[in-house]
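Residue-level structural notes
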Amino acid sequence: MDQWPGLMLVDDAPALADAAAAAIAEAAVAAVADHGRFTFALAGGGTPRATYMRLAAPPLVDRVPWSRTLIFFGDERCVPPDHAESNYRMANEALLSKVGIGAERVYRMRGEAEDSEEAAVEYARTLAGVFETRRGAAPRFDLVLLGLGLDGHAASLFPGSPASKEIFRTVVAVHAAAARIPQRLTLTVPTFNAAARVIFLVSGAEKAKVVKATLSDGAILPASMIRPTDGVLTWIVDRAAASLLSRDRAGQGRR
Ligand code: 6PG
């Protein structure tokens, strides 16, 4: 815990979903009490699905102030919104369609756009409008949820990609040759780092090596570059994914 102050260790994938959903609900309630709305950027990939389902079911579904919640996306694959690989589709199926959140409060990235550069500019403009930021300033999300890729990517910021080094734009189009859907849209490191809170969700033994590289070995990976400058960073990691972290240190954070 000294070395990883934001690490929350949980037993397994269901416990991870429970912990993450509870933390999200708590952040939502706190944000609405503080400033009247909750701005939440969702993660893609498979890990958050169970978390989204927890949020869409009692008791949390009745706790989260959905009518004051604004939904955004950390990244999107360049596919139509009904495509099996669409991050929007997964979130919509598991969460959004279940909680009756108005479409006007769901800001999805236009993965289906023919010109993804243009879709990135469009999303940046949307963010600037909703957050009323000045030109060049990053929005401050109340909460950003992220997953960890096997190669240390986060959202669609891949190791070695110029997008990971972007410092001016809030949203960029990315071509990640190794990914199943290579063309993507993603928020950038400065945007994630402007958030009030970032939560990483990591589950499964296949993530153990990259968890160690990111949290313990000081590897410079997109995931390790995401550290809010004036916010809270939490890594919720299950036992299998944390298995290569030194036991003494990891054990202290055990829940
Ligand atoms: C995406 C993601 C990506 C994801 C990680 C982890 O659109 O692919 O946002 O960054 O979070 O690859 O994915 P899993 O949760 O499926 O392991």
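Owing to the predicted nature of the structure, the values given are computational and were not obtained by experimental measurement.

Side note on the overall build of the protein
- Secondary structure summary: the protein contains nine helices and nine strands in total.
- Taking 2.2 N^0.38 as the reference for a compact globule, 255 residues should give roughly 18 Å; the C-alpha atoms of the protein span a radius of gyration of 17 Å, in line with that estimate.
- Counting only C-alpha atoms and orienting by the principal axes, one finds that the protein spans roughly 50 × 40 × 35 Å.
- For the protein, with 255 residues in total, the buried portion stands at 54%.
- Total accessible area on the protein is roughly 11,600 Å²; 52% of this is exposed by carbon and sulfur atoms.

Remarks on helix 4 (residues 87-94)
- Every buried residue of helix 4 is listed here: N87, Y88, M90, A91 and A94. For helix 4, the arc enclosing every buried residue in end-on projection is 165°, short of the 170-degree limit, so these residues lie on one face.
- Contact partners of the buried residues in helix 4: strand 2 (38-42), helix 2 (48-55), strand 3 (69-73) and strand 4 (75-77).
- For helix 4, the side-chain oxygen to backbone nitrogen distance between the N-cap and Y88 is 3.2 Å, and the N-cap itself is S86.

So, the sheet that holds strand 6 (residues 171-175)
- Spatially, 4-7-6 is the arrangement adopted by the three strands of the open sheet, whose pairing is antiparallel. A single partner strand is all that each edge strand has here, and the edge strands are strand 4 and strand 6. The mean angle between the axes of side-by-side strands here comes to 20°, regardless of whether they run parallel or antiparallel.
- Note: strand 6 against strand 7 (residues 183-187), five bridges, orientation antiparallel. Across the sheet, residue V171 finds its bridge partner in strand 7, namely L187.
- Packed on one face of the sheet, helix 5 (residues 116-131) meets strand 6 and strand 7 and runs near 155° to strand 6.

As for the environment of G160
- With respect to the helices and strands, the residue G160 is situated in the loop between strand 5 (143-147) and strand 6.
- A sequence separation of 48 residues divides G160 from E112, and the C-alpha atoms of the two residues are 25 Å apart.

A few points about the sheet that holds strand 9 (residues 232-238)
- Taken in spatial order, the six strands make up an open sheet running 1-9-8-5-2-3, and their pairing is parallel. Single-partner strands in this sheet number two, and they are strand 1 (7-10) and strand 3. Adjacent strand axes in the sheet meet at a mean angle of 20°, parallel and antiparallel pairs treated alike.
- The sheet contact formed by strand 5 and strand 8 (residues 197-202) spans four bridges and is parallel. Bridge pairing links V144 to V198 in strand 8.

A word on the site of the ligand
- Near the ligand there are 15 residues, and of these G46, T47, H153, A155 and K207 occur at the shortest range.
- One of the backbone N or O atoms of G44 is found 3.5 Å from an oxygen atom in the ligand.
- Contact distances for the ligand include 3.3 Å between an oxygen atom and a side-chain N or O atom of R184.
- The site holding the ligand turns out to be the largest pocket.

Section: the confidence of the model for the protein
- Confidence along the protein averages 95 in pLDDT terms, with 95% of residues attaining 70 or more.
- Under a pLDDT of 50 for its full length, residues 250-255 has, in the predicted model, 15 contacts with residues more than four places off or in other chains.

Criteria and cut-off values
- All chains use their own residue numbering, which begins from 1 and follows the written sequence.
- In keeping with the model being predicted, local features are shown solely for residues with a pLDDT of at least 70 and side-chain atom pairs are shown and tallied solely at 80 or more, while totals for entire chains, interfaces and linings include all residues.
- Values shown for side chains rest on all heavy atoms present in the structure; no hydrogens or waters enter the calculation.
- Where helices and strands are cited, they refer to DSSP runs of H or I of at least four residues and of E of at least two residues respectively, numbered from the N terminus.
- With C-alpha atoms as the basis for the radius of gyration, the globule rule is written as 2.2 Å multiplied by the number of residues raised to the power 0.38.
- Buried residues are those whose accessible area, probed at 1.4 Å on protein chains only, stays under 20% of the maximum for their type, while exposed residues exceed 50% and partly exposed ones sit between those limits.
- In these tables, accessible area is a Shrake-Rupley quantity obtained with a 1.4 Å probe, and a residue counts as shielded only by the protein chains included in the view.
- Think of it as the arc spanned by the lines of direction from the helix axis to the C-beta atoms.
- Note on contacts: a residue pair qualifies if any of its non-hydrogen atoms lie within 4.5 Å across the two residues.
- Distance and chemistry together define a polar contact, namely a pair of N or O atoms within 3.5 Å, with one atom able to donate a hydrogen and the other to accept it when in protein, and with adjacent residues in sequence counting only for side-chain atoms on both sides.
- Paired strands, in this sense, are two strands between which DSSP finds at least two bridges.
- Inter-axis angles, ranging from 0 to 180 degrees, are taken between N-to-C directions of lines fitted to C-alpha atoms, where helices are fitted over the stretch in contact.
- Think of it this way: one heavy atom of a residue within 4 Å of a molecule or strand is enough to make that residue near it.
- Only protein atoms enter the 1 Å grid used here, on which a cavity is any set of points holding a 1.4 Å probe that cannot leave and a pocket is any open set flanked by protein within 12 Å on both sides along at least five of seven lines; residues with an atom within 4 Å of a point are listed as lining.
- Cavity and pocket membership follows a simple rule, namely that a molecule belongs there if more than half of its atoms are within 2 Å of the grid points.
- For every residue, the pLDDT score states the predictor's confidence, bounded by 0 at the bottom and 100 at the top.

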